[in-house]
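# Notes for the structure review
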Amino acid sequence: MARIDAIVLGAGVVGTSTALQLARRGLSVALVDRRAPGEETSYGNAGIIEGNTVFPPAFPAHFDSVLRVALKRAPEANYHLTYLPRVAPWLWKFRAASRPDRLIETARAMRPLYAHAQPEHEALMAEAGAERYLRRDGWLKVYRSHRAFLDTCRELELAIEFDIPYKILDAASVGTLEPALAPVFEHAVFWTSATSITNPLAVTRAFAARFVALGGLFVAGDARSLADAGGFWQIETDEGPLDADQVVVALGPWASDVLAPLGIRLPLGIKRGYHRHYRATGNAGMTRPVVDTDIGYCVAPMEQGLRLTTGVEFAARDAPPTPVQFDRLIPYAKDLFPLGEPIETEPWMGSRPCFPDSRPVIGPAPGWPGLWLAFGHAHWGLTLGPATGRLIAEMLTGATPFCDPKPYAAERFH
Ligand SMILES: Cc1cc2nc3c(=O)[nH]c(=O)nc-3n(C[C@H](O)[C@H](O)[C@H](O)COP(=O)(O)OP(=O)(O)OC[C@H]3O[C@@H](n4cnc5c(N)ncnc54)[C@H](O)[C@@H]3O)c2cc1C
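Residues numbered from 1 in each chain as written. Predicted model: local features only at pLDDT ≥ 70, side-chain atom pairs only at ≥ 80, totals over all residues. Heavy atoms only, no water.

On the surface, Phe63, Leu67 and Leu71 cluster together to form a nonpolar patch covering roughly 320 Å² of accessible area. Assignment of secondary structure puts Leu71 in the loop between α2 (63-70) and β4 (77-79). (Patch = residues over 30% accessible without salt bridge, like charges linked within 9 Å, V, L, I, M, F, W, Y side chains within 5 Å. Areas by Shrake-Rupley, 256 points an atom, 1.4 Å probe, with all protein chains shown as cover. Salt bridge = Lys/Arg side-chain N within 4 Å of Asp/Glu carboxyl O. Helix = DSSP H or I, 4+ residues; strand = E, 2+ residues; numbered from the N terminus.)

Dropping the structure here:
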């Protein structure tokens, strides 16, 4: 096969968006995955395009919250005891990055990407004919305790500085937006300009179909066969070897499987998460995603049903699922919303690829000409996929990037 311009490894929302952004610029591109597009982490998220993100989820600030997690009573987090020694250095760095001054630094570093999240998504959705999955109804965070609401004050101040619109609501006003929600909370923040999607898998599939329509090649293959062929890159695929001048690693939680053999070691951690779809009881319905902040879960209306997504689980990526958080949070979820029976017999599990500073790595791999990195999008891979794709495409083609890529460079860890 003739040498092409670029290979993108990984057809999650990040890789597929990147392949599409490259193909739109006229490059010959192959998108390689061992599965069909969008079937891993990008399948199971809550569907929120969180351009309003200010602070990332942080290490718990209150001792009683840490204790609840340690005693495995917290609905928002779980862990495997045997995994703690492995994850301890990552957690230590995550805790350091959760200091108030560091959170503000992260918010400022990430703002340009989040500010572009929605327009870039909408541009790709329009081009891919996927607009029918887009909901422009914002999203709601409800706060059961006054303390949890007070914890969000600094974030709300920064949102004003960043020009992100929101409304603070009481339970009665939320009732007019989402009549099925019971007033079991004291406060709510309505992020009015955020959008969400009703089927994340369908959106990634639509991006992939548009990529192919532009002449892109989607091919099955194992990314671990990537080899530096001296001046170009080579990979084995089901359709034979493929050569390219440039390679983008967009393998999400599997990125280290390809990078570690090349000697590239970055502190990529995993926060596992689960979802399960439920029916609503009676005629109850929900218009937009709702996060029950104190308890740490989200209910998002999807084409498949009400998708209940959990908080985080610290466990090895490939360890068997342990969806114990559902038992802890379901009583709260049923208090908040008339949740009916689960639709599937077993919950779905995915692994959020996370760096301790809650920023992705987007840019060239230091010391490896032609190798590009685009992963580690943690809780915001759906949100940031199209903007990441644009940034990589601009850097790779030598165009002026729409924002300064330095805060996302791999070099920050060295
Ligand atoms: C419960 C939950 C809720 C979430 N909610 C949201 C949300 O509301 N909004 C938001 O923005 N984000 C959310 N996220 C985060 C978001 O889903 C992820 O950040 C995002 O999906 C990561 O995308 P990705 O393309 O990097 O990885 P993936 O989607 O995992 O894609 C990686 C691809 O690499 C492929 N691959 C792996 N190894 C190989 C190999 N050896 N050879 C070939 N291919 C390989 C896989 O098959 C996969 O297709 C949530 C995550 C979870 C778990």
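There is more to say after this.
Peptide bonds are, in most cases, trans, and in most cases residues other than glycine have a negative phi. Positioned with a positive phi, Asp163 is a non-glycine residue whose angle comes to about 65°. If you trace the backbone, Asp163 turns up in the loop between α6 (153-161) and β7 (167-170). On the basis of relative accessibility, which here comes to 69%, the residue Asp163 falls in the exposed class. At Ser358, a position not held by glycine, the phi torsion is positive, near 55°. Tracing the backbone shows Ser358 in the loop between β20 (348-354) and β21 (361-364). (Buried < 20%, exposed > 50% of the residue type's maximum accessible area, 1.4 Å probe, protein only.)

All right, on to the nonpolar core then. Counting residues in each nonpolar core, the largest one holds 61 residues, and the members touching the most others are Leu22 and Leu113. If you tally residues by element for this core, the top one is helix α11 (residues 381-396), at eight residues. Residues within four places of Leu22 in sequence aside, it is in contact with Ala6, Val8, Leu27, Val29, Val248, Ala393 and Leu396. Counting 30 residues, the second largest nonpolar core, distinct from the first, contains Val247, Leu268, Val361 and Phe375. (Core = buried A, V, L, I, M, F, W, Y, C linked by side-chain atoms within 4.5 Å. Contact = heavy atoms within 4.5 Å.)

What follows deals with the pattern of salt bridges. As enumerated under the stated definition, the model contains 25 salt bridges in all. Asp101 is paired through a salt bridge with Arg99; the nearest N and O atoms lie 3.2 Å apart. In this structure Asp101 comes out as partly exposed when scored by relative accessible area, which is 46%. Residues joined by salt bridges that share partners form a network here, namely Arg102, Glu105, Asp357, Arg359 and Arg412.

Each strand in a sheet pairs with its neighbour through backbone hydrogen bonds, running either in the same direction (parallel) or in the opposite one (antiparallel). The antiparallel open sheet is built from three strands, whose spatial order is β3-β9-β5. Lying at the two open borders of the sheet, with one neighbouring strand each, are β3 (48-49) and β5 (134-135). Note: β3 against strand β9 (residues 195-197), two bridges, orientation antiparallel. Each residue of the ladder has a partner; that of Ile49, found in β9, is Thr195. (Pairing = 2+ DSSP bridges.)

Attention shifts here to the packing of helix α4 (residues 100-128) against α6. The geometry of α4 relative to α6 is characterised by a closest axis approach of 12 Å and an angle of 30° between their N-to-C directions. Of the possible angle classes, the one that applies to α4 and α6 is roughly parallel. In terms of crossing hand, the pair formed by α4 and α6 is right-handed. Contacts between α4 and α6 involve Ile104, Ala107 and Arg108 on the former and, on the latter, Arg154, Leu158 and Glu161. (Axes fitted to C-alpha atoms, helices over the stretch in contact; angles between N-to-C directions. Parallel < 35°, antiparallel > 145°, perpendicular 65-115°, else oblique. Left-handed = near helix turned anticlockwise from the far one by under 90°.)

Below, the discussion takes up the packing of aromatic side chains. Within the structure shown, the criterion is met by ten aromatic pairs. An angle of 25° between the planes, with centres 5.1 Å apart, marks the rings of Trp90 and Phe94 as stacked. Of the two residues, Trp90 and Phe94 are both situated in helix α3 (residues 84-96); the distance of four residues between them amounts to about one turn of the helix. Look at Phe94 and you get buried, because its relative accessible area is 6%. Centroid distance Tyr166 to Trp191: 5.3 Å. Interplanar angle 55°. Geometry classified as tilted. Here Trp191 lies in strand β8 (residues 187-191) and Tyr166 lies in the loop between α6 and β7, a separation of 25 residues in the sequence. (Phe/Tyr/Trp six-rings, centres within 6.5 Å; stacked < 30°, edge-to-face > 60°.)

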